[in-house]
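Examining the three-dimensional arrangement
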Amino acid sequence: MPEFCDVALPVPLDALFTYRMPDGVSPVVGGRVLVPFRQQRMSGVVTQLHDRPPSVATKNVLRVLDTTPVLDDELLRLGKWIADYYLAPLGEVLRTMLPLGAEFKRAVAYRITDAGQLALHQAGIGGSSGRSRKAPEQQLTDFRVLDYLSERDLVREERLRSATGVSRSALQALARKNWIVRQDVSDTRDAARVVRMAVVKEVSGKLNENQQRIVATLAAAGGKLPVENLREAAVPRTTLNTLVRRGVVEIVEEPGEFAISGVKARPSPFGFVFNSAQQSALGQIEIQARTRKFSGMLLHGVTGSGKTAVYLAAMRAVLQAGRSAILLVPEIGLTPAIAADLQQVFGEEVAILHSSLSEKERAEQWHRIKAGQKHVVVGTRSAVFAPVCDLALIIVDEEQDASYKQEETPRYHARDVAVMRAKMANAVVVLGSATPSLESYFNAKKQKYTLLELPDRVEKRPLPEVAIIDMRQEFQETGREHVISRRLAAEIQERLERKEQMMVLLNRRGYSPLVLCRACGKTLECRDCAIALTHHKRSRRMECHYCGHMAPVPKACVHCGSEYVHFLGTGSEKLEELLHGMFPQARIARLDRDTVRGRDDFECTLNALNEGELDLLVGTQMIAKGHDIPGVTLVGVVGADAALGFPDFRAAERTFQLLTQVAGRAGRGDNPGRVVLQTYFPDHYAVQRAALHDFIGFYEQELRFRSWMHYPPYSALANVLLRSDKLDNALRWSGLLGQWFDKTRHEGIRVLGPAAAPIVRLKRDYRYHFVLKSPSREKLNVLLRAMLEYAAQQKIPRTQVIVDVDAVWLM
């Protein structure tokens, strides 16, 4: 029996830690152990058992958490590859691969008390009295916490701190005031998932209006409802507490049921005959899956060409062979619809994994997959790590989407990890898109992937006709700025009269993205970021979309005191209001992060659109891809070309993809579709090619620019970012690394920088960066590793040096 074990701990250190195994303790490679680390206990994954004593004194393993591996050899190898390629600590990689953190960690949550509600009411949050903008900063912080909790039942500490930016000590101070109460919500492995239910008991005595509304809501639902669902009754949570104290309502806990999806499944894809292109694509996937050898494929099909049907047929084939499949989607918003399709076809074989599930739900799904009870997994990027048995097929839908790239350590790209996992498992990986990334299409043209084409829509439906509206000319002809052009307004009115459905895209949430003082010319910026705060009218606050900081809506300029404060620009919330004013008879809903608080909200809106209960859906990029709504015949695009002004070499590609994807929502049923594309850049090649649905033309033109500037796919790219809450540190550290790059031989590698990041301050940190480009990934990896070693020698904290390999966002 080996005496020592190496453990990967979730800490920002590029090292494994050796522990002694005392008598009676028998860990397994790939299993978790509880060990002492500095002044705390941590769980980590065992990577090796051995008899090599380290040169320093060792501590003992405290407890074995798993008697069998939670990560098999294949997933351990994948984790080590990610750590090596993306230069991330192995322990942090393995923690990301395992959604089981809740099983052994202590967790606390907070809820607001009656005293807190009273304090919030007296302060005038959301009321008519308002709160003085000169209130002390700590008071503003306190009320920000109370305001956040007032809309929710129970919020975990980490989520509360992230949303409000407060410290743990500030929460403890509020608890001492009895404005909030702290509750232990620690999970254990064997604890059953429960739901808190409100149950009507005996109704007696006089009830006020809010109390009557709660009782009526419960009665209409058969006498009980989950407490979380009662927020739809739009009454204060304290009202429910009062009913509980009076014995009118009782709160009970019941075992929680898990629903894969609340969205109505679409007609079975097997209810119609595949066209020849679909049959050919499916045949090639099935042939490669039967060989049990690695194969990479790119399925390029226009919007509405039946890619999902090919996915489901291929997954059914591998399932019939007794093997497993994983389907990745880029956003949680796409998960309910595709999960409903999968459940319709595969029934109880389907598991779902994404971040909107609770920690218990994710752990429960993970264990069922691990036990071999589920053979089809659908989810967002972390689902690529699902521990399925006998993996045969991985499908990456909308493979070009930037959401597959994680923006925190480990900064992996799920598409590329899927390719590597398939290679290690001798499986087939299919990358699917109507607008593939330039890198993937370039690889297919170089025959690294097999290219599968679906050039036509199913049932020979035509692609939508696209009309480009030059908003410069619109201004010249009307003499004023318009959010909705005359042509788009007329098209909407025509569709309303024909009782057809529409979508309008504006990829900017909030009401107004900018607040400007007309006296001093300054804008209202986030206190922690070099970003303007966005006005959210419905919630009556200013919000930073990067760090979550919130502030009151200013009645006067915070810089000079002038009352001439002007709200500029239009977001999705304002667009919805404008459309309600222009078309009061229309049934309009909005989909963005402000209206979608959870999975149920998204599913409810999507079901309403599918059932014909909505005429017009307004939204951000949430509505742009993946949705198949046959009734939508018109898509309007407002301001989607704004991204062309970003200092990012992928700006044109992102704009082309967004315009093409959202245009593809129109005309997917019996009636033809039309797209009205409003732009200030009507001659830009990204706009012109999108209007023509011409991916090949865009690809060839963009590729020329990339080759001239040595950008991907002609070079591998990495972004090295130095950050600190002190400007002097950020400048000094970036200067040190800049001097090191100048002195170090790095043949064939271009180093740009140091320079201030486009967003120079973010979440309180000042940011300076380097961009590295190289035709050789191996040489780039060696240089970056040497740079990290030098940074450690110079005492630059590892957490302050961000290395983003294959970066997709350089802001």
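Residues numbered from 1 in each chain as written. Predicted model: local features only at pLDDT ≥ 70, side-chain atom pairs only at ≥ 80, totals over all residues. Heavy atoms only, no water.

Here we take up the overall build of the chain. When helices and strands are tallied, the chain shows 23 helices and 33 strands. Radius of gyration (C-alpha) of the chain: 28 Å, near the 28 Å computed for a compact globule of 811 residues. Residue burial in the chain is summarised as follows: out of 811 residues, 54% are buried. Taking as baseline every contact in the chain between residues at least 6 positions apart, the subset at least 24 positions apart corresponds to 76%. Total accessible area computed for the chain in this model is approximately 36,100 Å², and 49% of it derives from carbon and sulfur atoms. Across the chain, the mean location of the 109 positive side-chain charges is 4 Å away from that of the 93 negative side-chain charges. (Helix = DSSP H or I, 4+ residues; strand = E, 2+ residues; numbered from the N terminus. Rg over C-alpha atoms; globule rule 2.2 N^0.38 Å. Buried < 20%, exposed > 50% of the residue type's maximum accessible area, 1.4 Å probe, protein only. Contact = heavy atoms within 4.5 Å. Areas by Shrake-Rupley, 256 points an atom, 1.4 Å probe, with all protein chains shown as cover. Lys, Arg positive; Asp, Glu negative; His and termini not counted. Charge placed at Lys NZ, Arg CZ, Asp CG, Glu CD.)

The four strands lie next to each other as 31-32-30-33, forming an open sheet whose pairing is antiparallel. Both outer strands of the open sheet, strand 31 (750-762) and strand 33 (801-805), are each paired with one neighbouring strand and no more. Along the sheet, successive strands turn relative to each other by an average axial angle of 20 degrees, direction set aside. The sheet contacts of helix 22 (residues 727-743) involve strand 30 (716-724), strand 31 and strand 32 (765-774), and relative to strand 32 the element is tilted by about 20 degrees. (Pairing = 2+ DSSP bridges. Axes fitted to C-alpha atoms, helices over the stretch in contact; angles between N-to-C directions.)

For the rest of this paragraph, the subject is the pattern of salt bridges. Across all of its chains, the model carries 45 salt bridges by this definition. Between Arg-95 and Glu-92 there is a salt bridge, with the nearest N and O atoms lying 3.9 Å from each other. With Arg-95 and Glu-92 both in helix 2 (residues 90-97), this residue pair falls three residues apart, about one helical turn. Exposure remark for Glu-92: the relative accessible area of 10% places this residue in the buried category. Of the charged contacts in the structure, one is a salt bridge between Arg-674 and Glu-491, with a shortest N-O distance of 2.9 Å. With Arg-674 in strand 29 (residues 674-679) and Glu-491 in helix 16 (residues 486-497), this residue pair connects regions lying 183 residues apart in the sequence. The exposure class of Glu-491 is buried, given its relative accessible area of 4%. (Salt bridge = Lys/Arg side-chain N within 4 Å of Asp/Glu carboxyl O.)

Within the open sheet, the seven strands sit side by side as 14-15-13-16-17-12-18. Their pairing is parallel. Whereas interior strands pair on both sides, the edge strands pair on one side only; in this sheet they are strand 14 (350-353) and strand 18 (450-454). Strand-to-strand twist across the sheet, computed as the mean angle between neighbouring axes with direction ignored, equals 20 degrees. In the packing of helix 13 (residues 414-425) onto the sheet, contacts are made with strand 13 (324-328), strand 16 (391-397) and strand 17 (428-433), and the angle to strand 16 comes to roughly 165 degrees.

This next bit is on empty space enclosed by the protein. One pass over the structure, following the stated rule, counts three cavities of 30 Å³ or more. Counted as a void, the largest cavity has a volume near 60 Å³. Lining the largest cavity we find Val-515, Leu-516, Cys-517, Lys-522, Thr-523, Leu-524, Pro-554, Ala-556, Cys-557, Val-558, His-559 and Val-565. Counting residues per element, the lining of the largest cavity draws most heavily on strand 21 (residues 514-517), at three residues. When its residues are assigned to classes, the lining of the largest cavity shows nine nonpolar, two polar and one charged. (1 Å grid on protein atoms, 1.4 Å probe; cavity = no way out; pocket = protein on both sides within 12 Å on 5 of 7 lines; lining within 4 Å. Points joined across faces, edges and corners; volume = space filled by probe spheres on them. Nonpolar A, V, L, I, M, F, W, Y, C, P; charged D, E, K, R; others polar.)

Quick look at the pairing of strand 13 now. When you tally the buried positions in strand 13, you get five out of five residues, the bulk of the element. With burial as the criterion, each face of strand 13 is covered, one bearing Ser-324, Ile-326 and Leu-328 and the other bearing Ala-325 and Leu-327. The sheet contact formed by strand 13 and strand 15 (residues 376-379) spans four bridges and is parallel. By the bridge assignment for strand 15, Leu-328 is matched with Gly-379.

Scanning the entire structure with this criterion turns up 20 aromatic pairs. Ring centres 6.1 Å apart and planes at 90 degrees place the aromatic pair Trp-81 and Tyr-86 in the edge-to-face group. We classify Tyr-86 as buried; its relative accessible area is 1%. Where Tyr-685 meets Phe-698, the ring centres are 5.8 Å apart and the plane angle is 20 degrees; that geometry is what we call stacked. (Phe/Tyr/Trp six-rings, centres within 6.5 Å; stacked < 30°, edge-to-face > 60°.)

With that settled, consider the side chain of Gln-278. Take Gln-278: it is sitting in helix 9 (residues 276-291). Side-chain polar atoms of Gln-278 contact the backbone oxygen of Gly-306, separated by 3.2 Å. (Polar contact = N/O pair within 3.5 Å; in protein donor to acceptor, adjacent residues only side chain to side chain.)

This brings us to the packing of helix 22 against helix 23 (residues 777-793). Contact geometry of helix 22 with helix 23 gives a least axis separation of 11 Å together with a crossing angle of 130 degrees. Taken together, the axes of helix 22 and helix 23 lie oblique to each other. The hand of the helix 22/helix 23 crossing is right-handed. Where helix 22 abuts helix 23, its residues Leu-736, Leu-737, Trp-740 and Phe-741 lie against Leu-783, Ala-786, Met-787, Tyr-790 and Ala-791. (Parallel < 35°, antiparallel > 145°, perpendicular 65-115°, else oblique. Left-handed = near helix turned anticlockwise from the far one by under 90°.)

Core analysis: the biggest nonpolar cluster contains 117 residues, and Leu-784 and Met-787 have the highest contact counts within it. Within the second largest apolar cluster, 35 residues are counted, among which are Leu-319, Val-329, Phe-346 and Val-378. (Core = buried A, V, L, I, M, F, W, Y, C linked by side-chain atoms within 4.5 Å.)

Once that is clear, we can look at the environment of Lys-374. Assignment of secondary structure puts Lys-374 in the loop between helix 12 (359-370) and strand 15. Along the sequence, Lys-374 and Val-596 sit 222 residues apart, while their C-alpha atoms lie 29 Å from each other. In this structure, Lys-374 is in contact with Glu-348, Glu-349, Val-350, Ala-351, Arg-368 and Ile-369, ignoring residues within four places of it in sequence. Here the side chain of Lys-374 touches Glu-348 through a polar contact of 3.0 Å, landing on its backbone oxygen. Only 3.4 Å separates the side chain of Lys-374 from the backbone oxygen of Val-350, close enough to count as a polar contact.

Looking along the chain, the bond that leaves Pro-712 and enters Pro-713 is cis, with omega of 15 degrees. If you trace the backbone, Pro-713 turns up in the loop between helix 21 (695-709) and strand 30. That bond from Gly-753 to Pro-754 is cis: its omega, 10 degrees, falls within 30 degrees of zero. With respect to the helices and strands, the residue Pro-754 is situated in strand 31. You will see that Asp-806, though not glycine, has its phi angle at about 55 degrees, which is positive. Relative to the assigned elements, Asp-806 resides in the segment after strand 33.

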